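Chain residues, written in single-letter form:
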Amino acid sequence: MDYREVLENAKSRIGAKCRVCRECNGIVCRGELPGMGGKGTGSSFIRNFEKLNEIKLNMDTIYEFKGVDTSIELFGKRFSFPIFAAPIGGLHIHYGNFYNDEGYTQAIVQGCKKAGTAGFTADGVDDESYDLPLKVVSEAGGWGIPTIKPWQKEEVKAKIKKAEAAGALAVAMDIDAAGLTTLALLGKPVSPKPVEEIKEIAASTNLPFIIKGIMTVKGAMKAVEAGAYGIVVSNHGGRVQDHTPAPVEVLPEISRAVGGKIKIFIDGGIRTGTDVLKVLALGADAVLIGRPYGVAAYGGGAEGVELYTKKIGSELIEAMIMTGCSKLSDINEDIIYKG
Ligand SMILES: Cc1cc2nc3c(=O)[nH]c(=O)nc-3n(C[C@H](O)[C@H](O)[C@H](O)COP(=O)(O)O)c2cc1C
């Protein structure tokens, strides 16, 4: 199977809600929710993609070449690339019936594992939407990062205990799902949480705790105060609020404020290994990728996910060679073109 085949298969399996565009940029699907789009005008998703494209790189190929190492240590484990699959939930409503939560998660968890990385898994209103992905993670020896919605405290803690029992690598909370009013309509409210409550939740587990959906220095500092292991600089792929900046725009100031104190992940519009290099240069430790992993999983199952991860990984290697970086710690703002 090659990536072209993955894309062709995905077109027939996903249904009308994702057109598997040549560039996954949020334009054709703008405002389509349920579906792939960004919320409202879709401007947040579109900006995520555009702002990354505006960043240009400085080439330097005069140096002694000793190979490239893209590996990274996180959660006490070594990964081949700083590239993780983002959590994708609500498969039926967003993609149609080809996969249920279990089938999709199997493709993600197993494909990422084979490529030497890992996937975040999702949560939802009914118990199964957390438990089925977690079962897959457990069967893969804990190789995944369950992502819990900001439900009421006791439910969050109970779900963390289940993640511990599954031997998960870490546990995350998409705090920005606090804006998903649809969940309240379905009878399960989510809400913003004060630092004290997040502190209590993070302290309730020995698993590394990651807060997904940080878009300001203030938010990042609160995550540090709460004792989080990491943050994901993210606007949920533009799906929770219209007219936000792109994560890549706020990344440098967040990195200056909390870099080194907490691991910084980022997502939103990252599509290529070159994009991965750009955000690492601007202060991220690692990236999450959302929609393209959906396409890879629908188009090729675990094999498609493995293939996609390795494709992005090889692009990262090529871009590192071209910018004079042999290992991830060599990557810094010097490789960004300042005009
Ligand atoms: C269909 C769909 C469902 C998603 N479901 C979740 C979810 O359940 N939990 C979560 O934290 N993020 C969810 N996200 C957001 C992604 O995890 C990620 O933040 C976003 O897709 C990154 O942007 P990208 O798709 O441009 O890479 C979802 C995104 C999409 C497109």
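Use the structure listed above.
Colleague: If you had to explain the overall build of the chain to someone new, which residues and values would you point to?
Modeller: When helices and strands are tallied, the chain shows 12 helices and 10 strands. Rg of the C-alpha trace for the chain: 19 Å, near the compact-globule value of 20 Å for 339 residues, within the 12% margin. When its C-alpha atoms are laid out on the principal axes, the chain stretches across 60 × 45 × 40 Å. With the model as given, the accessible surface of the chain reaches about 14100 Å², and the carbon-plus-sulfur share is 52%. Between the mean site of the 40 positive side-chain charges and the mean site of the 41 negative ones, the chain shows a separation of 2 Å.

Colleague: With reference to specific residues and values, describe the packing of helix α6 (residues 153–165) against helix α8 (residues 195–203).
Modeller: Look at α6 against α8: their axes get within 10 Å of each other, and the N-to-C directions meet at 25 degrees. In terms of orientation, α6 and α8 fall into the roughly parallel class. Our pair here, α6 against α8, has a crossing hand that is right-handed. On α8, the residues touching Lys153, Val156, Lys157 and Ile160 of α6 are Glu197, Glu200 and Ile201. The class makeup of the residues in the contact of α6 with α8 is 3 nonpolar, no polar and 4 charged.

Colleague: Account for helix α1 (residues 3–14), with residues named and values stated.
Modeller: Counted at 1.5 Å a residue, the expected span for α1 with its 12 residues is 16 Å, and the 16 Å between its end C-alpha atoms agrees. Within α1, burial applies to Tyr3, Val6, Ala10 and Ile14. All buried residues of α1 project into a common sector of 45 degrees when viewed along the axis, lining one side. More than 90 degrees from the buried face of α1, the exposed residues found are Arg4 and Ser12. Those residues of α1 that are buried lie in contact with α3 (91–95) and α12 (291–322). Residue Gly15 follows α1 closely and has a positive phi angle near 90 degrees.

Colleague: Can you explain the sheet that holds strand β4 (residues 118–121)? Please cite residues and give values.
Modeller: Strand order in the closed barrel made by the 8 strands is β3-β4-β5-β6-β7-β8-β9-β10, with parallel pairing throughout. Strand-to-strand twist in this sheet, taken as the mean axis angle between neighbours without regard to direction, amounts to 30 degrees. When strand β8 (residues 230–233) meets strand β9 (residues 263–266), the two strands line up parallel, connected through 4 bridges. Note that in β9 the partner of Val232 across the bridge is Phe265. Running over the sheet, helix α4 (residues 101–114) touches β3 (83–85) and β4 and is turned about 155 degrees from β4.

Colleague: Residues and numbers for the pairing of strand β6 (residues 171–174), please.
Modeller: On β6, burial covers both faces: Val171 and Met173 on one face and Ala172 and Asp174 on the other are all buried. Of the pairings in the sheet, the one linking strand β5 (residues 145–148) to β6 comprises 2 bridges and is parallel in character. Paired with Thr147 across the strands is Ala172, a residue of β6. Examined bridge by bridge, β6 and strand β7 (residues 209–214) share 4 bridges and lie parallel to one another.

Colleague: Provide a residue-level description of the packing of aromatic side chains, including the pertinent values.
Modeller: Evaluated as defined, the whole model comprises 17 aromatic pairs. Both rings, one in Phe84 and one in Phe120, keep their centres 6.2 Å apart while their planes meet at 90 degrees; by these two values the pair is edge-to-face. You can see Phe84 sitting in strand β3 and its partner Phe120 sitting in strand β4, a full 36 residues away along the chain. According to the relative accessible area criterion, Phe84 is buried, its value standing at 0%.

Colleague: Kindly report on the packing of helix α2 (residues 43–54) against helix α10 (residues 247–258), identifying the contributing residues and their values.
Modeller: Axes are the key here: two packed helices are described by the angle between their axes and the distance separating the axes. Running from N to C, α2 and α10 point in directions that differ by 65 degrees, and their axes come no closer than 8 Å. Between α2 and α10, the residues in contact are Arg47, Asn48, Lys51 and Leu52 and Pro247, Val248 and Glu249, respectively. Here the residues of the contact of α2 with α10 are counted per class, giving 3 nonpolar, 1 polar and 3 charged.

Colleague: Lay out the site of the ligand with the relevant residues and their values.
Modeller: Neighbouring the ligand are 23 residues; Pro87, Asp267, Arg271, Gly290 and Arg291 lie closest to it. Interatomic distance of 2.9 Å between a backbone N/O atom of Gly269 and an oxygen atom of the ligand. In this structure, an oxygen atom belonging to the ligand sits 2.9 Å away from a side-chain N or O atom of Arg291. Protein coverage of the free-state accessible area of the ligand, which is 600 Å², stands at 97%. Tallied by class, the residues present in the shell around the ligand amount to 7 nonpolar, 9 polar and 7 charged.

Each value, and the rule that gives it
- Think of each chain on its own: its residues are numbered from 1, step by step along the sequence as written.
- Given that the model is predicted, a residue must reach a pLDDT of at least 70 before its local features are reported, and side-chain atom pairs must reach 80 or more before they are shown or counted; all residues, however, enter totals for whole chains, interfaces and linings.
- Excluding hydrogens and water, the side-chain figures rest on all heavy atoms present in the structure.
- A run of DSSP states H or I qualifies as a helix once it reaches four residues; a run of E qualifies as a strand once it reaches two. Both are numbered from the N-terminal end.
- A radius of gyration in this sense is built from C-alpha atoms; the matching globule rule multiplies 2.2 Å by the number of residues raised to 0.38.
- Reported accessibility uses the Shrake-Rupley method at a 1.4 Å probe radius. Residues are deemed covered only where the shown protein chains occlude them.
- By the counting scheme adopted, Arg and Lys are positive, Glu and Asp are negative, and His together with the chain ends is not counted.
- To locate a charge, take NZ of a lysine, CZ of an arginine, CG of an aspartate or CD of a glutamate.
- Helix axes are fitted only over the stretch in contact, all axes being lines through C-alpha atoms; the angle between N-to-C directions runs from 0 to 180 degrees.
- Note on terminology: angles under 35 degrees are roughly parallel, angles over 145 are roughly antiparallel, angles of 65 to 115 are roughly perpendicular, and the others are oblique.
- Crossings are assigned a handedness: left-handed for a near helix turned anticlockwise from the far helix by less than a right angle, right-handed for a clockwise turn.
- Note on definitions: a residue-residue contact is assigned when non-hydrogen atoms from the two residues lie within 4.5 Å.
- Residues are grouped as follows: Ala, Val, Leu, Ile, Met, Phe, Trp, Tyr, Cys and Pro are nonpolar; Asp, Glu, Lys and Arg are charged; every other residue, Gly included, is polar.
- In a helix, the anticipated span is given by 1.5 Å times the number of residues less one.
- Burial classes follow relative accessibility: with a 1.4 Å probe on protein chains only, a residue under 20% of its type's maximum area counts as buried, one over 50% as exposed, and anything between as partly exposed.
- Think of the arc as the fan of directions from the helix axis to the C-beta atoms.
- Strand pairing requires that DSSP identify at least two bridges connecting the strands.
- Note on aromatic pairs: the rings of Phe, Tyr and Trp (six-membered ring only in Trp) are paired at centre separations within 6.5 Å, and the planes decide the class, stacked below 30 degrees, edge-to-face beyond 60, tilted for the rest.
- Throughout, the term near means that a residue has one or more heavy atoms lying within 4 Å of the molecule or strand in question.
- Polar contacts, as used here, are pairs of N or O atoms within 3.5 Å; protein pairs need one atom able to donate a hydrogen and one able to accept it. Residues neighboring in sequence count only if both atoms are side-chain atoms.

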